[in-house]
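# An overview of the molecular structure
Now for the letters of each chain:
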Amino acid sequence: WYQQVLRLVPNSDLVRSFIIDVTERRQVEESLQQHNEYLAALHATTLGLMSRLDVSELLQDIVGRAGQLLGTPHGFMYLLEPGQEEIEQKVGLGIFASGIGYRLKRDQGLSGRVWQSGQPLVVADYDAWAHRSPELARGLVETIAAVPLKSGQQVVGTIGMAYDAESERAFGDAEVELLNRFAQLASLALDNAQLFTQTQEQARRLALLSQMGEQLNRSTDLVKIFDIAAEKIRHILAADHADVALLNEARDGVQIITLDGEAGASRQGAKLPLQGSGFEQVILENQSIVHSAVQVADSLPNLCTQMNVPLLAGGQTIGSLNLTCNRPHAFNEHERNIVLQLASLLSSAIENTRLFEENVQGRAEAEEQARRLALLNEMGRQMSLAGSQDDIFKVVTEFTPQIVPADRVSVAMLTGT
């Protein structure tokens, strides 16, 4: 119609300028409308974050709004779970709705390649693409694009959109940039949810740690102390095994006290010489140690992570608290602090128990000494009242077994020759 108007109107230069001006205005209006819609999505996302909206609903809303601005109902989002080797589709709209739960490895499919490279990727003819996912039937997607979701410098997922065969649209730089903006919104939502979850988890752990401290302070029985520690540690830390290595009085050996299982379980473990036990360094050098690649057993290929923390009481090391995760695990700063606090609580409880036992033993010894002295005084009094030698011997044989440990008492008299 542009060329027809130029042929019909004599002053074609004026018409050409008018048409160009109208076209530019329309482009500006479309750009402003798109920007306003993006700001509305940003506002809705911010409100969702402030109101602690369910993160899955928030992510689905982000993908839906991106699709509205890009003019397509077909969108998806893949996320990487911590410690996993695959990304999983968490959101699917349009033709991707049936793919929720589908997993991809690095370099597998569009999202797998974006995950690997950390860069946006656009495929103009998806059916002809050599790396297409076999899970998506042919003839559904014409052109597709995905961009990475990042937390800091780490790729934690992807967000993508697709145009079907009936659409005349394609992904250019402007569309990819818009998709990148929505990826930033999704990353913000994920970071906020992770921070909120971490804060809740830290508060839960600290509350359990406080409960453990209160229970330990009320207990003077060593078995009960280890029962309390076993019950709480299972809920405070993601450790598969926990034990305490207690030094003996000679400080040349340790006894292993397991902290696994239910209360009342047998916890007395092996007695080992300190040298060669694996606890020498943490006990003798009084330092925490983390082994991040330890063989669980010779028969098993899996690697585990171990953390050993010294137990300190009265200015000296009395043993170590030992935790094992049957998988590679990086103890973060919060977890390390929790383990140090656990070790401190256990050390204090063990020392208090020992002091209590010493006090009880001291009182028992004092009471026993007082009893013996009373019996000795009574024996002397009755001997002074005895009227004959036989009466004296009778008193001696009666009181002596009560004063000193003896099963039989006899008196031998030296006779004159």
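Here we summarise the structure given alongside this text.

The rules behind these values
Every residue gets a number counted from 1 within its own chain, in the order that chain's sequence is written. It should be noted that, the model being predicted, local features are given only for residues of pLDDT at least 70 and side-chain atom pairs only at 80 or more, the latter also being counted only at that level, while totals for whole chains, interfaces and linings use all residues. Computation of side-chain values: all heavy atoms of the structure, hydrogens and water removed. By the criteria applied, helices consist of DSSP H or I runs no shorter than four residues and strands consist of E runs no shorter than two, each listed in order from the N terminus. Under the convention used throughout, the expected extent of a helix is 1.5 Å for every residue step, that is, one less than its residue count. Note on exposure labels: buried denotes an accessible area under 20% of the residue type's maximum, exposed denotes more than 50%, and partly exposed covers the range between, all computed with a 1.4 Å probe on protein chains only. Under the rule applied, a polar contact is a pair of N or O atoms within 3.5 Å (in protein, one hydrogen donor and one hydrogen acceptor; residues adjacent in sequence only if both atoms are side-chain atoms). Only centres within 6.5 Å qualify two rings of Phe, Tyr or Trp (six-membered ring in Trp) as a pair; their planes then separate them into stacked at under 30 degrees, edge-to-face at over 60, and tilted for everything else. Think of a salt bridge as a Lys or Arg side-chain nitrogen and an Asp or Glu carboxyl oxygen that are within 4 Å of each other. Strands pair, by our definition, only if DSSP identifies at least two bridges between them.

An ideal rise of 1.5 Å per residue puts 21 Å on 15 residues; helix α6 (residues 222-236) measures up with 21 Å between its terminal C-alpha atoms. When we look at burial in α6, the residues that qualify are I225, F226, D227, I228, A229, A230, K232, I233 and I236. Its side-chain oxygen placed 3.2 Å from the backbone nitrogen of V223, D221 serves as the N-cap of α6.

Applying the stated criterion to the full structure yields four aromatic pairs. Taken together, the ring pairs connect F76, Y78 and F96 into an aromatic cluster.

A word on the pattern of salt bridges. A complete count under the given rule lists 13 salt bridges for this structure. R113 is the partner of D107 in a salt bridge, and the nearest nitrogen-oxygen pair spans 2.5 Å. Residue R113 is classed as partly exposed on the basis of its relative accessible area, which comes to 24%. Notably, a salt bridge pairs E335 with R205, separated by 3.5 Å at the nearest N-O pair. Highlighted residues: E335 in helix α8 (residues 333-385) and R205 in helix α5 (residues 173-217), separated in sequence by 130 residues. With a relative accessible area of 9%, R205 lands in the buried category.

This part is about the sheet that holds strand β2 (residues 87-93). As a general point, the strands of a sheet are linked pairwise by backbone hydrogen bonds and lie either parallel or antiparallel. Pairing within the open sheet is antiparallel, and its six strands lie in the order β3-β2-β1-β6-β5-β4. In this open sheet, the two edge strands, each paired with only one partner strand, are β3 (103-104) and β4 (121-123). Where strand β5 (residues 143-151) meets strand β6 (residues 154-163), nine bridges bridge the pair, whose relative direction is antiparallel. Counted as the bridge partner of A145 is M161 from β6.

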